[in-house]
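# Structure assessment
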Amino acid sequence: MLKVGLTGGIGSGKSAVSAELSSYGAAVIDADAIARQVVEPGTPGLSEVVEEFGERVLAEDGGLDRAVLGEIVFADQERLARLNAIVHPRVGERSGQLMEEALAADTKVVVYDVPLLVENGLGSLYDVVVVVDAPDEVRVERVALNRGMPREQVRARIRAQADRDTRLAAADLVVDNSGSRDELRARVAELWRELSARAQ
């Protein structure tokens, strides 16, 4: 089994790449999706987040208000570290369970979709590190248009992540996503051929 660490900054198109890889037959373990699950209403994770950051991070429906929490943590590295200390161990545990399931199913390629792979020095956990790359301003525009996030908030999140050069230096393979969706599909097809060859 080939273990692939897939990463890229906010707005890079990493989720689009992982969806394409899934369509080719890769098992995708999405750290972001798991991070959302471990703080759903009724979970110990959400209780701990509220205890740390206060009731204001709760939405009216009792779920986590991600926009409010984001404003708090992305402006303060110490508070971001406290949030990560709550969420990351739970994500690690669930990821391990999914990995066991992939092993049991004899999956050839497992893709870990990990936003903070470079920031947390996790490259050595994977056989191959794939970075989805796009210029910072392209990413800002994408997130502003697709998620309705104010541009300055997107830039703050970019600043809180590894810079582009650092991320590229950690890559074994790079997927350029500065162009159209069709161009991205073609690049992912090439990536899949490469990963399949390495998985033999």
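Keep in mind the model is a prediction, meaning the values are calculated, not measured. Numbering of residues begins from 1 in every chain and follows the order in which that chain's sequence is written. Per-residue local features of the predicted model are confined to residues with pLDDT of at least 70, and side-chain atom pairs are confined, for both listing and counting, to 80 or more; whole-chain, interface and lining totals are unaffected and use all residues. Side-chain metrics in this entry use all non-hydrogen atoms of the structure; hydrogen atoms and water are not considered.

## A look at the overall build of the protein
A tally of helices and strands in the protein yields 9 helices and 5 strands. Scanning the protein from its N terminus toward the C terminus, one meets helices and strands in the order β-α-β-α-α-α-α-β-β-α-α-α-β-α. Two things to know: the radius of gyration comes from C-alpha atoms, and the globule rule equals 2.2 Å times the number of residues to the power 0.38. Taking 200 residues into account, the globule formula puts the C-alpha radius of gyration at 16 Å, and the protein, at 17 Å, falls close to it. Buried residues are those whose accessible area, probed at 1.4 Å on protein chains only, stays under 20% of the maximum for their type, while exposed residues exceed 50% and partly exposed ones sit between those limits. Relative to its full complement of 200 residues, the protein shows a buried share of 44%. Residues count as neighbours in contact if any of their non-hydrogen atoms are within 4.5 Å of one another. Residue pairs in contact within the protein that sit at least 24 positions apart in sequence constitute 71% of those at least 6 positions apart. Only carbon and sulfur atoms are counted for the fraction: they give 49% of the accessible area of the protein, which is about 10200 Å². Each helix corresponds to a stretch of at least 4 residues labelled H or I by DSSP, and each strand to a stretch of at least 2 residues labelled E; elements are numbered beginning at the N terminus. Residue-level accessible areas treat just the shown protein chains as cover; the underlying method is Shrake-Rupley with a 1.4 Å probe.

## A closer look at the sheet that holds strand β4 (residues 128-133)
What holds strands together in a sheet is hydrogen bonding between their backbones, with the strands either parallel or antiparallel. In this scheme, strands are said to pair when DSSP sees at least two bridges between them. Spatial ordering of the open sheet is given by β2-β3-β1-β4-β5, a layout of 5 strands whose pairing is parallel. Pairing within the sheet leaves two strands with one partner each, and these edge strands are β2 (27-30) and β5 (173-176). Shown here is a sheet whose adjacent strand axes are inclined to one another by a mean of 25°, direction ignored. Of the pairings in the sheet, the one linking β4 to β5 comprises 4 bridges and is parallel in character. By the bridge assignment, Val 132 is partnered in β5 with Val 175. Between N-to-C directions, angles span 0 to 180 degrees; the directions come from axes that are lines fitted to C-alpha atoms, helices contributing only their stretch in contact.

## Regarding the side chain of Thr 43
Mapped onto the elements of the fold, Thr 43 is located in the loop between α2 (31-37) and α3 (44-53). A relative accessible area of 17% places Thr 43 in the buried class. Once you skip the residues sitting within four places of it in the chain, Thr 43 turns out to touch Gln 37 and Val 38.

## Topic: the nonpolar core
Among buried residues, the Ala, Val, Leu, Ile, Met, Phe, Trp, Tyr and Cys ones that are joined through side-chain atoms within 4.5 Å form a nonpolar core. In terms of nonpolar packing, the biggest core is built from 32 residues, with Val 49, Phe 53, Val 57, Leu 69 and Val 87 touching the most fellow members. When contributions to this core are tallied by element, the ones reaching two or more residues are α2, α3, α4 (66-73), α5 (77-104), β3 (109-113) and β4. No other element matches the 7 residues that α5 contributes to this core. Excluding anything up to four places from it in sequence, Val 87 contacts Ala 35, Val 38 and Val 39. Among the nonpolar cores identified, the runner-up in size contains 20 residues, and Ala 16, Leu 184, Val 188 and Leu 191 belong to it.

## As for the packing of helix α6 (residues 136-147) against helix α7 (residues 151-160)
Here α6 crosses α7 at 130°, and the two axes come no closer than 9 Å. Relative to α7, α6 is oriented oblique. The two elements α6 and α7 cross, and the hand of that crossing is right-handed. Across from Asp 136, Glu 137, Arg 139, Val 140, Glu 141, Val 143 and Ala 144 in α6, the residues of α7 making contact are Arg 151, Val 154, Arg 155 and Ile 158. For the contact of α6 with α7, the per-class residue count stands at 5 nonpolar, no polar and 6 charged. Angle categories: roughly parallel below 35 degrees, roughly antiparallel above 145, roughly perpendicular from 65 to 115, and oblique for all the rest. Handedness of a helix crossing follows the sense of rotation of the near helix relative to the far helix, less than a right angle counterclockwise being left-handed and clockwise being right-handed. Basically, the charged four are Asp, Glu, Lys and Arg, the nonpolar ten are Ala, Val, Leu, Ile, Met, Phe, Trp, Tyr, Cys and Pro, and anything else, Gly included, counts as polar.

Nothing here speaks to function; it is geometry throughout.
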